[in-house]
Amino acid sequence: MKYIDMHCDTVSELYYKQLANIPYALYENDLHIDIKKLQKGECLVQCFAAFMDTQAREGSPFKYINHLIDMFYEQMELNKAYIAPVLSYSDIEKNEKAGLISALLTVEEGQACEGKIENLHHFYSRGVRMMNLVWNYDNSLTTANGISNNNQLQEEKGLTPKGFEFLEEMERLGIIIDTAHISDKGFYDILEHTTKPFVDSHTNARGVFFHPRNISDDMIKKMGERGCVAGVNFCFEFMKSYTSAADYGATFELSVQHMKHLINAGGTDCVGFGSDYDGISSLNLEPANASYMPMFEAEMKRQGFSDDLIEKIFYKNVARVFKEILK
Ligand SMILES: [Zn+2]
């Protein structure tokens, strides 16, 4: 069955290979995602993030993200027989008819804009159609989740005045707002100051496993009421506690448990996929890479999901948000 995946870090991984003078190609590689694997997995839309860890890398985030976007378009051009970027919802339909996978460009870390609205416009003009305001460190737009703060929930500090300005402009432009990595207060700021659906592109449910990167039942409920979608993340660290290497492993069963919890708290329309492929460990990972995505179906059926519900999670829920936001 076709699917939409709201988040991967494949572009960054290709960039690191390039920096290390290792041959790299989106068509075929040893990563979780390449074109051959996406084809085998029957991918409809893959979101590709341009991401920067602003503490690990020096220099201008704006320039760095632009390098990644250059690389994304180089790979799109080289592989145009198989995949094409999308700027609007109709591009997705057009690509599907032409037998092409759709690639949606996203930015992970709003500091890529360096606090300047003109840089947001620049990224929009380069095809960015989804962005989160923050990664794991507080920035000029908002407070982040508590990973860099002893895993403490950040319930007091949310968006800065600049962050609110960005939020408004993203809604106006038609850039999908992604709440992944933001503080709890930041999440509620976004909820209260927007009217359209947003996404949490890659997350899991705190009700199954507590982690500041996961979302609470109340957040899920509010997302469901708004028509928002949360993408289930395959990162084992966000699924379950573990004490030894032997316990380590993301399974279909665990992912479906998180899906069930999201559905119980937010309804059947609020769940999709946000694999986090190429940003997470490959150790005992299910699905091991994008080519195995169809195997989710059997586990969903085993845990009692109807065909309709499986279709919603594979692509219909996210497609609905894309259709509403992408002009
Ligand atoms: Zn992330």
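Here, every reference points to the structure presented above.
Cut-offs used in this document
- Residues numbered from 1 in each chain as written.
- Predicted model: local features only at pLDDT ≥ 70, side-chain atom pairs only at ≥ 80, totals over all residues.
- Helix = DSSP H or I, 4+ residues; strand = E, 2+ residues; numbered from the N terminus.
- Rg over C-alpha atoms; globule rule 2.2 N^0.38 Å.
- Buried ≥ 20, exposed ≤ 12 C-beta atoms within 10 Å, placed from the backbone.
- Contact = placed C-beta atoms within 7 Å.
- Pairing = 2+ DSSP bridges.
- Arc of directions from axis to C-beta.
- Expected span 1.5 Å × (residues − 1).
- Right-handed = clockwise from strand over helix to strand, strands pointing away.

K.L.:
So what's going on with the overall build of the chain? Residues and values would help.
P.N.:
Regarding its fold elements, the chain presents 11 helices and nine strands. Taking 20 Å as the expected radius of gyration for a compact globule of 327 residues, we find that the chain reaches 18 Å, a close match to that expectation. Projecting the C-alpha coordinates of the chain onto the three principal axes gives extents of approximately 50 × 45 × 40 Å. A burial count over the chain gives 50% of its 327 residues as buried. Partitioning the contacts of the chain with sequence separation of at least 6, the portion at a separation of at least 24 is 71%.

K.L.:
Can you explain the environment of Gln257? Please cite residues and give values.
P.N.:
Structurally, the position occupied by Gln257 is in helix H9 (residues 252–266). Note: C-alpha distance between Gln257 and Tyr188 (69 residues apart in sequence) is 25 Å.

K.L.:
Quick one: what's the story with the environment of Tyr89, residue by residue and with numbers?
P.N.:
Its place among the elements puts Tyr89 in helix H4 (residues 89–97). C-beta crowding within 10 Å serves as the criterion here: with 19 such atoms nearby, Tyr89 is assigned to the partly exposed category. As a C-alpha pair, Tyr89 and Glu324 span 235 residues in sequence and 8.5 Å in three-dimensional space.

K.L.:
Could you give an account of the pairing of strand S2 (residues 43–51), naming the residues involved and the relevant values?
P.N.:
A large share of S2 lies buried, amounting to nine of its nine residues. Sheet topology places strand S1 (residues 3–5) next to S2; three bridges connect them, and they run parallel. What sits directly across from Ile4, in S2, is Val45. By the bridge criterion, seven bridges tie S2 to strand S4 (residues 101–108) in an arrangement that is parallel. Residue pairing for S4: Phe48 is matched across the bridge by Leu105.

K.L.:
Go over helix H8 (residues 217–226), please, and point to the residues and values.
P.N.:
Those residues of H8 not exposed but buried are Met219, Ile220, Met223 and Gly224. The arc that holds every buried residue of H8, seen down its axis, measures 135 degrees, which confines them to one face. In the core, the buried residues of H8 are packed alongside helix H7 (184–193), strand S8 (229–232) and H9. Remark: Gly227 follows H8 within two positions and exhibits a positive phi of approximately 90 degrees.

K.L.:
Explain H9 to me, using residue names and the numbers behind them.
P.N.:
Counted at 1.5 Å a residue, the expected span for H9 with its 15 residues is 21 Å, and the 21 Å between its end C-alpha atoms agrees. Buried residues dominate H9, accounting for 11 of its 15 residues. Residues Leu254, Ser255, Val256, Gln257, His258, Met259, His261, Leu262, Ile263, Ala265 and Gly266 constitute the buried set of H9. Two residues or fewer after H9 comes Gly267, characterised by a positive phi angle close to 95 degrees.

K.L.:
Any chance you could break down the pairing of S4 for me, citing the residues and the numbers?
P.N.:
Within S4, eight of the eight residues are buried, which leaves it mostly tucked inside the rest of the structure. Burial along S4 is two-sided: Ile101, Ala103, Leu105 and Val107 and Ser102, Leu104, Thr106 and Glu108, pointing in opposite directions, are all buried. Taken together, the three bridges between strand S3 (residues 83–85) and S4 define a ladder with parallel strand orientation. The residue bridging Ile83 from the neighbouring strand is Ile101, located in S4. Traced from S3 through H4 to S4, the parallel crossover comes out right-handed. Strand direction decides the pairing type here: S4 and strand S5 (residues 128–132), joined by four bridges, are parallel. Counterpart to Thr106 in the pairing with S5 is Met130. With helix H5 (residues 117–125) bridging S4 and its parallel neighbour S5, the resulting β-α-β unit is right-handed.

K.L.:
Describe unusual backbone geometry, naming the residues involved and giving the relevant values.
P.N.:
Of note, the amide linkage connecting Glu286 to Pro287 takes the cis form, showing an omega dihedral of -10 degrees. Here Pro287 shows up in the loop between strand S9 (271–273) and helix H10 (296–302). For Asn151, which is not glycine, the phi torsion reads 60 degrees and is therefore positive. Overall, Asn151 belongs to the exposed group, with 12 C-beta atoms counted inside 10 Å.

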